[in-house]
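# Tertiary structure, described
Read off the chains here:
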Amino acid sequence: MAWVLLVVAGLLEVAWSIGMKYTEGFTRLVPSLLTGAGIVVSMFLLSQATKTLPIGTAYGVWVGIGAAGAAVYGMVMLGEPATAARIFFVCLLLVAVVGLKATSGH
């Protein structure tokens, strides 16, 4: 169950990190409220996952999901450069996430 919570927390990290772009410096009410709620729920789920998962594994997976997800969103939806190098490094992030999961002992 901790891994499910962690993946959901990571996906919410993707959502709130993308949401910050739409808050315009937290000057727009609705995007700001949604982003803030995403941050709170994501952190709460991360904290629940760390009750049973090692902190280094949980935090690494959470950050990896968030970074990879935000990068892919930027390339696909926001027209950010989708160079071979960027795609390679996003893939490395995903390999690291899988590696942390595989070596966590849980």
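Residue indices follow the written sequence of each chain, beginning from 1 at its first position. For this predicted model, a pLDDT threshold of at least 70 governs which residues receive local features, and a threshold of 80 or more governs which side-chain atom pairs are given and counted, while totals over whole chains, interfaces and linings are taken from all residues. Heavy atoms throughout the structure, all of them, feed into the side-chain values; hydrogens and water do not.

Time to look at the UniProt feature "transmembrane region" (unreviewed entry) in the protein. UniProt positions are given in the numbering used here, feature names are shortened, and annotations may be inferred rather than shown by experiment. The UniProt record marks residues 27–46, 58–78 and 84–103 with the feature "transmembrane region" (unreviewed entry), using the residue numbering of this structure. Helix and strand labels come from DSSP, where a helix needs a run of H or I of at least four residues and a strand needs a run of E of at least two; each type is numbered from the N terminus. Between the end C-alpha atoms of residues 84–103 the distance is 28 Å, and the span holds 95% helix and 0% strand.

The subject of this paragraph is the packing of aromatic side chains. In this analysis, rings of Phe, Tyr and Trp, with Trp reduced to its six-membered ring, are considered paired at centre separations within 6.5 Å, and the interplanar angle assigns stacked below 30 degrees, edge-to-face beyond 60, and tilted for intermediate values. Taken as a whole, this structure holds two aromatic pairs when the rule is applied. Relative to F89, the ring of F88 has its centre 5.1 Å away and its plane inclined at 70°; by these criteria the two rings are edge-to-face. Throughout this description, buried means an accessible area under 20% of the type-specific maximum (1.4 Å probe, protein chains only), exposed means over 50%, and partly exposed covers the range between. Take F88: its relative accessible area is 47%, and that puts it in the partly exposed class. One residue, K101, lies across the ring of W3, its end atom 4.8 Å from the ring centre. Note on geometry: a ring has a charge over it if NZ (lysine) or CZ (arginine) is within 6 Å of the ring centre and within 35 degrees of the ring normal.

Our focus in this paragraph is the confidence of the model for the protein. Low pLDDT marks regions whose predicted coordinates should not be analysed in detail. On a range of 0 to 100, pLDDT expresses the predictor's confidence in each residue. For the protein, the average pLDDT comes to 95, and 99% of its residues sit at 70 or higher. Here helix 4 (residues 84–102) is the element of the protein with the lowest mean pLDDT, 93, and helix 2 (residues 29–49) is the one with the highest, 98.

The subject of this paragraph is the pattern of salt bridges. By convention in these notes, a salt bridge is any Lys or Arg side-chain nitrogen within 4 Å of a carboxyl oxygen on Asp or Glu. Per the counting criterion, the structure on display carries one salt bridge. Between E80 and R86 there is a salt bridge, and its shortest N-O distance comes to 3.6 Å. What makes E80 partly exposed here is its relative accessible area of 33%.

Next up on the list: the packing of helix 2 against helix 3 (residues 55–77). Lines are fitted to the C-alpha atoms to define the axes, a helix being fitted only along its stretch in contact, and any angle between axes, read from their N-to-C directions, falls within 0 to 180 degrees. Viewed as axis vectors pointing N to C, helix 2 and helix 3 meet at an angle of 150°, and their least axial separation amounts to 10 Å. Classed by the angle they form, the pair helix 2 and helix 3 counts as roughly antiparallel. Helix 3 is crossed by helix 2, and the crossing has right-handed handedness. Every residue of helix 3 that contacts helix 2 at S42, M43 and L46 is listed here: A58, Y59 and W62. For this classification, the nonpolar set comprises Ala, Val, Leu, Ile, Met, Phe, Trp, Tyr, Cys and Pro, the charged set comprises Asp, Glu, Lys and Arg, and every other residue, Gly included, is treated as polar. Taken together, the residues of the contact of helix 2 with helix 3 break down into five nonpolar, one polar and no charged. Roughly parallel here means an angle under 35 degrees, roughly antiparallel means over 145, roughly perpendicular means 65 to 115, and every remaining angle is called oblique. The sense of a crossing depends on the near helix, which, turned anticlockwise from the far helix by less than a right angle, makes the crossing left-handed and, turned clockwise, makes it right-handed. It only takes one pair of heavy atoms within 4.5 Å for two residues to be counted as in contact.

Attention now moves to the side chain of T57. Here T57 lies in helix 3. On the accessibility criterion, T57 (10% relative accessible area) is buried. T57 has contacts with W3, L100 and S104, leaving out every residue within four places of it along the chain.

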